[in-house]
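The chain contents come next:
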Amino acid sequence: MPLAAIRAVSKGQNGIGAFVLQCKRLDFHYCDWAGSSRGMNEYLRTHLARFAASNPSIEVTVSPKPRQHPVIKGVYVNGREKAICVRNMTPAEIINKVQLLKTDSGEKMKKSHRAGRNMVTSINESVRGVWDPFHRTGERFKI
C-alpha cells in the first residue's frame, strides 16, 4: 500500500498573509432631542444595521448622550481612540466619517514636511556619504 503525504495546512499568524482591520470598536453617541443630532438619528435608523452586518469584526455600540453633540468614537487595536464630532451633518457625510474611522490605523498624524522642505526618508545611504571633518587629511582648517 503506497503512503500518501499529509497535506500541510498553513497556520494563521496574526497579520501575516491577511489584512487585519485596525479598528476594533465604533461608539455612536447621540441626543434624541437636539437638532444637531438630526442627521445622526437618521443615520442610526437607516444605515447602521447595514454597516454592522457588513463589518462583523467591528464592535458597534450606540448610546444616547442627552444635551451633547453627536460624536463617533473609534477604538483601535493599538489602544488609541479617535473621536469625530458630526453635529449638523447629513447621513451621507456621516457615512464618509464612519468609513474614515473604520479604515484608519489609529496612529497619530505625523508631519510630512518641516520648515517648507519635504522630509525624505530612505533605507539607502547617501550617495556622497557621511561628512566627517577628518576626511581631508593634508589640509588644516582655518578657524
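Residues numbered from 1 in each chain as written. Predicted model: local features only at pLDDT ≥ 70, side-chain atom pairs only at ≥ 80, totals over all residues. Heavy atoms only, no water.

Selection rule: UniProt positions are given in the numbering used here, feature names are shortened, and annotations may be inferred rather than shown by experiment.
As recorded in an unreviewed UniProt entry, the protein goes by Large ribosomal subunit protein mL43 and comes from Neohortaea acidophila. Checking UniProt for the protein, the heading Subcellular location (unreviewed entry) contains the comment "Mitochondrion". Under the UniProt heading Sequence similarities (unreviewed entry), the entry covering the protein gives this text: "Belongs to the mitochondrion-specific ribosomal protein mL43 family."

Topic: the pattern of salt bridges
Oppositely charged side chains may form a pair once their charged atoms are brought near each other. Heads up, the condition is: Just to be clear on terms, a salt bridge is a Lys or Arg side-chain nitrogen sitting within 4 Å of an Asp or Glu carboxyl oxygen. The cut-offs for exposure are 20% and 50% of the maximum accessible area for each residue type, with area from a 1.4 Å probe on protein chains only; residues under the lower value are buried, those over the upper are exposed, and the others partly exposed.
Per the counting criterion, the structure on display carries two salt bridges. One salt bridge connects Arg-25 with Asp-27, and the closest N-O pair in it is separated by 3.1 Å. Judged by its relative accessible area of 26%, Arg-25 is partly exposed.

Describing the side chain of Asn-41
For clarity, the cut-off: Counting from the N terminus, the helices are the DSSP runs of H or I reaching at least four residues and the strands are the DSSP runs of E reaching at least two. Working rule for contacts: check all heavy atoms of both residues, and any pair within 4.5 Å makes them a contact.
Note on placement: Asn-41 falls in helix H1 (residues 38–46). Discounting chain neighbours no more than four positions away, the residues touching Asn-41 are Tyr-30, Cys-31 and Asp-32.

Quick notes on the nonpolar core
Our working definition: Put simply, buried Ala, Val, Leu, Ile, Met, Phe, Trp, Tyr and Cys residues joined by side-chain atoms within 4.5 Å make one nonpolar core.
If you look at the biggest cluster of nonpolar residues, it comprises 18 residues, and the most contacted ones within it are Leu-26, Phe-28, Met-40, Tyr-43, Ile-72, Ile-94 and Val-98. Listing elements by their share of this core, those giving two or more residues are strand S1 (23–30), H1, helix H2 (48–54), strand S3 (71–76) and helix H3 (91–103). With four residues, the single largest contributor to this core is S1.

Thoughts on the pairing of S1
What counts here: Two strands form a pair only when DSSP identifies at least two bridges running between them.
Extensive coverage of S1 is indicated by the burial of six of its eight residues. Pairing analysis gives six bridges linking S1 to S3, with the strands arranged antiparallel. Note on S3: the bridge partner recorded for Asp-27 is Lys-73. Both S1 and strand S2 (residues 59–64) contribute to a ladder of six bridges, which runs parallel.

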